[in-house]
Each structure stands twice: as C-alpha cells, then as structure tokens.
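Residue strings, one per chain:
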Amino acid sequence: MKYITFNEESKVFTLRTKYSMYQMQVRDYGTLVHVYYGENIGDTEAAYRIICLDRGFSGNPYEAGEDRTFSLDVLPQEYSGYGNGDYRINALEMVHEDGSDATHLRYESYRMMEGKYSLDRLPAMYGSADEAETLEITLYDRITSLKVHLLYGVFHDLDIITRAVRIENKGEKTVTIQRAMSMEMDYPSRHMDLIHFYGRHSMERLTERMPLCHGVQSIESKRGMSSHQHNPFVILCDRMTSEKHGDCYGFALAYSGNFRCEIEVDQMEQTRLVMGIHPYHFSYRLKKGDVFEAPEVIMAYTRKGIGRLSRIYHDAYRSNLIRSKYVTAPRPVLVNNWEATYFDFNEEKLYNIAKAAKDIGLDMFVLDDGWFGKRNTDYSGLGDWVVNEDKIKGGLPKLVKRIKALGMKFGIWIEPEMVSEDSDLYRSHPDWTLRIPQRSMTRSRHQLNLDITRKEVRDYVMQQIFRVLDSCEADYVKWDMNRSVANVYSSALPPERQGEVFHRYVLGVYEMMEQLVTRYPDLLFENCCGGGGRFDAGMLYYSPQIWCSDNTDAIDRLKIQYGTSFGYPISTMGAHVSVCPNHQTGRTTPLETRAVVASAGTFGYELDLEHLTEEEKEIARKQIQEYKKIEHLIQTGDYFRLSDPFHNHDYVIWQFVSKDKKQTVVNGVQLRNEPNPHIHLIYLEGLDGQAHYKDVQTGAVYTGAALMNAGIPLPVGAGDYQPIQFQFQMIEDTDNDGAVTVRK
C-alpha cells in the first residue's frame with residue numbers, strides 16, 4: 001500500500017495524505033491507542049509523546065498487575081468502550097443478555113485494501129484504487145465475541161481521511177447497541193476552540209466560535225433529521241487560528257438523522273471528540289451473525305487556516321461524494337413559482353410564468369407545492385400524488401408539453417415522507433404513520449410522518465411519484481420535508497426494536513432517494529427540508545444541491561450562506577432572487593444585490609415574473625447572462641471568505657478563483673452607507689503573485705501580488721445594501737500601446 005503502513009516491530013499504523021499524517025499504535029494488553037493527527041512528520045513515530053504515570057482514582061486493567069501507570073482512563077484511545085475503567089465520554093456502549101454493559105475491546109487483526117470501503121445502505125465517499133486506500137482494524141471483546149471493525153479511507157491527494165465502524169456479533173447471544181459513535185479522536189493537552197453552526201428555521205448555519213472548557217460540550221439533533229438548529233459538521237482549531245493561518249480539524253458526519261458530536265476536556269487537559277448517531281431513542285439488537293454499520297465521518301486537517309480547510313471539503317465533495325453529472329455540467333437557471341403563487345394557481349397562470357421566464361433567458365420552470373390531491377392549503381393532500389385537474393385542467397402532461405414547447409425544462413416539487421390527515425392515503429392507511437399507541441399525536445404544519453421504515457409504505461409512495469415523473473418527463477425534482485420526526489413508534493416493529501425507528505427511518509429515506517437517482521440518472525435533484533434542515537454530507541451523496549434556506553432575503557442570506565460555506569461547496573447551495581419587499585423579512589434590497597447574493601449558489605428566481613417592469617426584466621436578462629459566464633467558477637473554482645458578516649457590519653465580500661488562477665470574481669454587498677465614509681481596502685487571495693490581472697470593467701492592470709498584498713479600495717456606495725462586483729482576468733502581456741492580450 002502506498003499511503004497506509006504498519007510497522008510490525010513498533011506496532012504503529014501510519015496513514016498519510018498529501019499534507020497530513022495519522023498514527024495509531026497497538027500497546028500493552030491489545031489496547032489500540034491514538035498517537036497523532038496533524039502535519040506530516042516524515043518517518044518519525046509520535047508514540048514517544050505518550051507518557052504513563054500513576055493517576056489517582058484512575059483504575060488499571062486487571063492484567064496490568066501491580067503496574068499502576070497503565071490506565072484506560074487517561075490513555076488516548078482510538079475507539080473506547082463503556083465499563084472498562086475509562087470514565088470519559090466513550091464511543092461504544094452495549095447491553096448484553098445478562099444485563100451487563102461492559103465492553104473491553106482488544107486489538108485482533110488488520111487488513112489493507114486498494115480503493116475506498118463502502119457502507120451498506122449508507123452514503124459515503126467513494127474512490128477507486130488509484131484514488132483511495134482502506135485500512136480495516138478489527139477489535140475484539142473476548143467475553144461476548146463481539147467484533148468491531150474500524151474502517152479508514154485515505155484519500156491522499158484530497159487530504160481527506162474517512163472513518164466508519166462495522167459492529168459484528170460473532171457470539172451465540174443477542175446483544176443490544178445503545179451507543180455506536182462513528183469515530184473517536186483524542187488530543188493531548190492543548191488550548192482549542194470549537195466552531196459550530198447553529199440556527200433555526202429560516203436562519204440556519206450561523207457560526208459560533210468558543211473555547212473548549214472542562215467538562216462536556218455537545219452539538220446535536222434529536223429531531224429525526226440533521227436539523228436547522230445544529231449541523232453535523234464541526235471544526236476544532238487552535239486559539240489563534242484564522243482564515244489563512246493555523247491548525248484546524250474538520251469533522252463532517254455523512255448522515256441525515258439524529259446525531260451527536262461530544263467534546264470533553266478531561267482531568268489531564270486532554271480533549272476527546274466523538275461523533276455519530278445520537279444515543280437518544282436509539283438501540284439496535286444484533287443476533288448471532290448480525291452486523292450494524294455506523295455512518296461515515298469525513299475528516300480533514302490543515303495548518304493553513306479555516307479557509308484552506310473549507311476548500312479541502314469543497315474539492316472532496318465535488319470529486320468523490322456527489323455523484324450527479326451536474327457537479328460540473330451547467331445547471332439550468334430556473335424560476336420557482338412558490339413565492340409567486342403559493343397554492344393559488346391554475347394552468348394558465350403557470351404557463352404565463354414559464355413564458356415570462358423564457359423571455360428573460362431562464363432555462364427551467366419549477367412547479368412547487370399545490371399541484372396534487374386536494375391541496376389548496378397545507379392542511380390537506382399530502383400523500384395523494386395524483387394531479388389536481390381542478391387546478392391544472394387537462395392534466396400535468398398537457399401543461400408540461402406546452403412549457404417544453406417554449407424551449408424550457410420542467411421541474412416539480414414533492415414531499416414523499418409526509419401525509420396529511422385530510423388525504424385519501426391517510427383515510428385508507430392511518431397505520432402507515434409513525435404514532436405511539438393510545439397517545440395523541442404531535443402535529444407540525446398539520447402533517448404527519450409516514451412510517452417509511454416499512455417497505456410497503458416506501459414502495460407505494462415511490463410508485464405514485466414515478467408515475468407522475470414518467471408522465472411529465474421531469475428534468476428536476478425538489479424533495480422537501482416540512483416537519484421534524486415525532487410520534488416515534490412503528491406498528492411494524494416489536495417492542496424491543498422500537499429504538500431502531502429513527503435510524504431505520506433515515507435508511508428508508510436513503511433507499512427512496514437511491515431509487516429516484518437510479519431510475520432517472522440525468523435528473524437534477526435538489527434536496528430540501530423546510531430549506532436547510534437536512535443540509536449535510538449524507539444528502540449530497542444523492543443530490544448535488546440543497547435548498548439552503550426558506551429565507552430568501554438577500555441580507556439574511558449573507559450570514560446563512562457564509563456559515564454554510566465552511567463545510568459545503570458553494571455550488572450545493574440553492575439560492576434564488578425573490579421579490580421585494582421580501583416575504584420573510586419585509587426588507588427591500590436592490591434587484592442587483594439580490595442577484596449578487598444568489599449567484600453565490602445555484603442561482604434562480606422565485607417571484608412572479610409577470611409583475612416585473614420592463615426595466616427589471618432587462619436587468620434580469622443581464623444577470624442571467626453574467627451568471628452563465630461565471631458559473632464554472634462557482635461550480636469548480638476555489639472559494640475565499642474575504643470578510644466576516646458576524647463581525648463586519650459595513651460590508652460582506654467573497655471571492656471565486658479558477659483552479660488555473662487565470663480568472664477571479666469578487667462579489668459582495670455594502671451593508672450600510674455612511675457620511676464622510678472610510679475607504680475600505682479588501683485583499684484578494686489565491687492569485688498568481690507574479691502574473692498581471694486586468695480589471696474587466698475598468699481595464700486597469702495589477703499584479704497578483706498587488707491585489708493580494710496592497711489590496712483594492714471598495715467603491716463608495718450611494719446607499720445601503722448596494723452590490724459590489726469585480727472581475728479580473730490574467731493577461732499574457734502588455735504591448736507598447738498598452739493593449740493587453742487575454743489568456744483564454
């Protein structure tokens with residue numbers, strides 16, 4: 001193996017990426033300890049850093065005899081079990097048939113493989129033999145015959161290491177998993193900060209940075225989805241780490257359900273992080289021969305700051321997580337009818353919006369909620385995926401044929417996981433919902449969760465949806481989910497397996513989405529969960545873009561999209577130009593500003609195009625044309641955050657740079673104007689310092705070094721919320737007359 005080695009003498013495993021190194025060691029009594037994760041340190045093994053001392057009230061394994069210096073309570077471990085003398089947060093907790101809950105994992109064996117491991121029914125990064133390597137380490141509990149397989153995927157060129165866990169019951173007796181984290185990471189004493197991404201519906205993934213403190217800090221969701229409130233991506237970094245400098249570690253869970261990330265600073269100032277499925281309402285029974293797989297954590301390290309860490313994730317997801325052709329292919333610029341019509345429309349209204357969209361140069365019309373069943377409000381109709389011909393006379397195929405005759409593509413909204421009580425499906429199968437016997441149900445948006453842990457429910461819903469998609473030859477699907485999971489009980493499972501419902505629900509979602517993308521490989525698929533409630537790496541395995549937030553206000557979006565960019569590519573963020581005053585905030589911003597913000601995403605429109613003035617239509621035409629010129633930068637270029645909207649209240653600036661450094665776009669918004677204004681300089685990043693760059697608008701020429709080190713002044717604005725835009729193109733040379741030759 002090229003990037004995974006094992007020293008038989010020292011018992012040290014070493015995993016190498018382009019710039020990072022990860023080490024583990026098999027020590028006394030078969031204990032697998034964590035040794036090092038950080039900058040590549042060459043052929044040195046860092047096990048010398050572990051010093052064992054007698055620590056009061058930290059017990060010792062029986063096998064250690066009189067040696068009081070060997071204690072699992074203070075050793076850095078690779079994957080710890082409960083009940084073996086380690087009192088810190090742990091990775092694995094089992095309950096055995098006799099009621100005991102101790103698990104003592106010992107090293108048994110390892111194997112190395114070319115290519116990246118895969119997981120059963122779970123999303124994960126993928127890699128061929130020339131892209132990735134796999135290390136599998138098997139730990140063993142000799143009392144219960146339980147085997148725990150630690151999986152490591154090494155992507156050398158991407159600077160990524162992935163981790164997952166496979167738990168196998170080789171014993172005769174049934175065991176129950178109470179807690180199965182996907183990974184554990186132990187750090188020696190150091191002062192570190194935690195960066196996480198909190199929020200609420202319509203204000204997701206806001207950034208918060210705080211110092212780690214003694215005790216346990218937790219980032220989590222118990223809502224049956226990764227949630228608007230917390231995101232399954234966190235960063236640990238040194239106290240002085242910035243966008244451009246300093247050590248930082250990223251941990252992203254590729255899972256779309258309940259999760260927990262716990263960080264503990266212990267008595268010896270050591271830090272432990274565990275991440276995986278939330279133990280709340282979770283238990284999983286394993287009979288003899290059964291296997292359980294925990295979802296994948298995608299890890300990255302850099303000493304070059306948080307901006308570099310973000311770009312590692314952006315590149316990795318685009319190349320080896322997202323499977324859609326739309327990772328690099330131009331995406332249709334669309335209009336969605338939701339904020340234009342809500343539920344109040346007919347076929348002529350929809351056609352006229354599509355016609356107006358074609359007139360300004362849009363590529364696709366998307367029909368949102370309200371086209372099916374008795375769906376005139378959000379109180380009814382979910383689950384009845386049959387076209388409402390009272391609204392769309394002649395049926396959906398007839399309307400779509402007219403829209404496609406304009407030269408437009410067609411997309412449609414669905415919400416397959418839900419059912420309304422006022423629906424034919426619910427009246428026929430009330431038992432197909434999640435509901436706790438003899439208890440009243442918790443409603444949300446007046447809808448219930450279908451019990452998609454059941455195959456017959458999944459099959460029924462998907463067959464209905466497939467009939468609709470086949471009939472209209474849809475080019476795009478937006479899959480929504482507009483409530484948290486509650487009433488968690490499945491009538492199809494016995495009492496002892498009710499702790500599996502949350503996880504089986506997520507597996508059901510993944511199965512349904514896999515059916516969709518397999519049946520329609522050319523479909524542009526957008527995930528949505530009331531906006532950003534399931535914005536996670538797991539969903540990106542199925543959909544190349546996710547509706548970033550139900551909040552379309554351009555100024556709020558500056559913070560939402562900024563926070564999202566820390567862990568997710570810009571091209572995955574669904575972002576639209578909407579009407580003003582904005583429907584969520586009542587704020588009015590210039591049309592140009594709304595487009596600048598939406599162009600830091602998938603770009604589209606969500607308003608009634610028929611109500612635009614001729615002047616606004618002409619502005620929109622130019623916006624669409626300009627976006628298509630830079631779309632390749634947004635999809636495949638490097639992204640830089642040049643300001644922080646949580647601390648800079650004057651302006652927000654960001655930058656895209658092509659991989660060859662020949663083209664860059666700088667966009668932003670001046671948040672407030674002021675009398676007698678300051679002159680603000682911004683400093684570009686990622687350019688070739690020796691090259692010359694031409695300002696496309698003014699023709700001025702600068703060296704890359706000047707743009708990055710001397711900076712350029714922001715324009716003095718004429719009001720609040722004004723757009724800021726620069727474009728620079730690398731030039732070949734300048735002749736005596738000052739003419740420039742632009743490199744193509």
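Residues numbered from 1 in each chain as written. Predicted model: local features only at pLDDT ≥ 70, side-chain atom pairs only at ≥ 80, totals over all residues. Heavy atoms only, no water.

## A closer look at the overall build of the protein
At step 1: In terms of helices and strands, the protein carries 12 helices and 39 strands.
At step 2: Radius of gyration (C-alpha) of the protein: 27 Å, near the 27 Å computed for a compact globule of 744 residues.
At step 3: Along the first, second and third principal axes, the C-alpha atoms of the protein reach 85 × 75 × 45 Å.
At step 4: Counting across all 744 residues of the protein, residues that qualify as buried make up 62%.
At step 5: Considering only contacts in the protein between residues 6 or more positions apart, those separated by 24 or more positions represent 68%.
At step 6: Surface summary for the protein: the accessible area is close to 28300 Å², and the carbon and sulfur share equals 48%.
At step 7: If the 85 positive side-chain charges of the protein are averaged to one point and the 104 negative ones to another, these points end up 2 Å apart. (Helix = DSSP H or I, 4+ residues; strand = E, 2+ residues; numbered from the N terminus. Rg over C-alpha atoms; globule rule 2.2 N^0.38 Å. Buried < 20%, exposed > 50% of the residue type's maximum accessible area, 1.4 Å probe, protein only. Contact = heavy atoms within 4.5 Å. Areas by Shrake-Rupley, 256 points an atom, 1.4 Å probe, with all protein chains shown as cover. Lys, Arg positive; Asp, Glu negative; His and termini not counted. Charge placed at Lys NZ, Arg CZ, Asp CG, Glu CD.)

## Digging into the sheet that holds strand E4 (residues 31-39)
At step 1: Ordered by their spatial adjacency, four strands build an open sheet running E1-E2-E3-E4, and the pairing between neighbours is antiparallel. Two strands in the sheet have a free side with no partner beyond their single neighbour: strand E1 (4-7) and E4. Going across the sheet, the axis of each strand differs from the next one's by a mean of 15°, ignoring polarity.
At step 2: As judged from the eight bridges shared by strand E3 (residues 20-27) and E4, these two strands associate in the antiparallel manner. Looking at E4, one finds that Gln23 is bridged to Tyr36. (Pairing = 2+ DSSP bridges. Axes fitted to C-alpha atoms, helices over the stretch in contact; angles between N-to-C directions.)

## Overview of the environment of Ser145
At step 1: Relative to the helices and strands, Ser145 is located in the loop between strand E7 (133-141) and strand E8 (146-155).
At step 2: Aside from chain neighbours lying at most four places away, what touches Ser145 is Tyr140, Glu168, Asn169, Lys170 and Gly171.

## Some remarks on helix H9 (residues 554-565)
At step 1: Along its 12 residues, H9 runs 16 Å from first to last C-alpha, staying within 8% of the 16 Å computed at 1.5 Å per residue.
At step 2: Most of H9 sits inside the fold, with 11 of its 12 residues counted as buried.
At step 3: Turning to H9, its buried residues are Ala554, Ile555, Asp556, Arg557, Leu558, Ile560, Gln561, Tyr562, Gly563, Thr564 and Ser565. (Expected span 1.5 Å × (residues − 1).)

## Side note on the environment of Lys18
At step 1: In this fold, Lys18 is placed in the loop between strand E2 (12-16) and E3.
At step 2: Here the alpha-carbon distance between Lys18 and Glu168, two residues 150 residues apart in the chain, equals 33 Å.
At step 3: Apart from the residues lying within four places of it in its own chain, the contact partners of Lys18 are His156, Asp157 and Asp159.

## A closer look at the sheet that holds strand E26 (residues 524-527)
At step 1: Read across the open sheet, the nine strands follow the order E28-E27-E26-E25-E22-E21-E20-E30-E29; overall the sheet is parallel. Whereas interior strands pair on both sides, the edge strands pair on one side only; in this sheet they are strand E28 (573-574) and strand E29 (577-578).
At step 2: Relative to strand E30 (residues 604-606), strand E20 (residues 334-336) runs parallel, the two being bridged by two bridges. Note on E30: the bridge partner recorded for Val335 is Tyr605.
At step 3: Running at roughly 140° to strand E22 (residues 409-414), helix H4 (residues 396-405) makes contact with strand E21 (364-367) and E22 of the sheet.

## Some thoughts on the state of the cysteines
At step 1: Here the structure, examined in full by the defined rule, presents zero disulfides.
At step 2: Sulfur of Cys213: no disulfide; nearest cysteine sulfur belongs to Cys261 and is 14 Å away.
At step 3: Cys528 forms no disulfide, and the closest cysteine sulfur to it belongs to Cys529, at a distance of 7.1 Å.
At step 4: You can call Cys528 buried: its relative accessible area is 1%. (Disulfide = S-S within 2.5 Å.)

## Some words on unusual backbone geometry
At step 1: A cis amide bond, omega 0°, links Cys580 with the succeeding residue Pro581.
At step 2: Tracing the chain through its elements places Pro581 in the loop between E29 and helix H10 (591-598).
At step 3: Backbone geometry places Arg445, a non-glycine residue, at a positive phi of 55°.
At step 4: Its location among the elements puts Arg445 in the loop between helix H5 (424-428) and strand E24 (447-449).
At step 5: Looking at Arg445, the relative accessible area reads 27%, which means it is partly exposed.

## A look at the packing of aromatic side chains
At step 1: In this structure the tally under the stated criterion is 42 aromatic pairs.
At step 2: On the basis of an interplanar angle of 50° and a centroid distance of 5.4 Å, the ring pair of Tyr639 and Phe656 is categorised as tilted. Here Tyr639 is found in strand E31 (residues 638-641), whereas its partner Phe656 is found in strand E32 (residues 651-657), with 17 residues between them in sequence. In this pair, the class of Tyr639 matches that of Phe656, namely buried.
At step 3: Sitting over the face of the ring of Trp547, Arg557 holds its NZ or CZ atom 4.9 Å from the ring centroid. (Phe/Tyr/Trp six-rings, centres within 6.5 Å; stacked < 30°, edge-to-face > 60°. Lys NZ or Arg CZ within 6 Å of the ring centre and 35° of its normal.)

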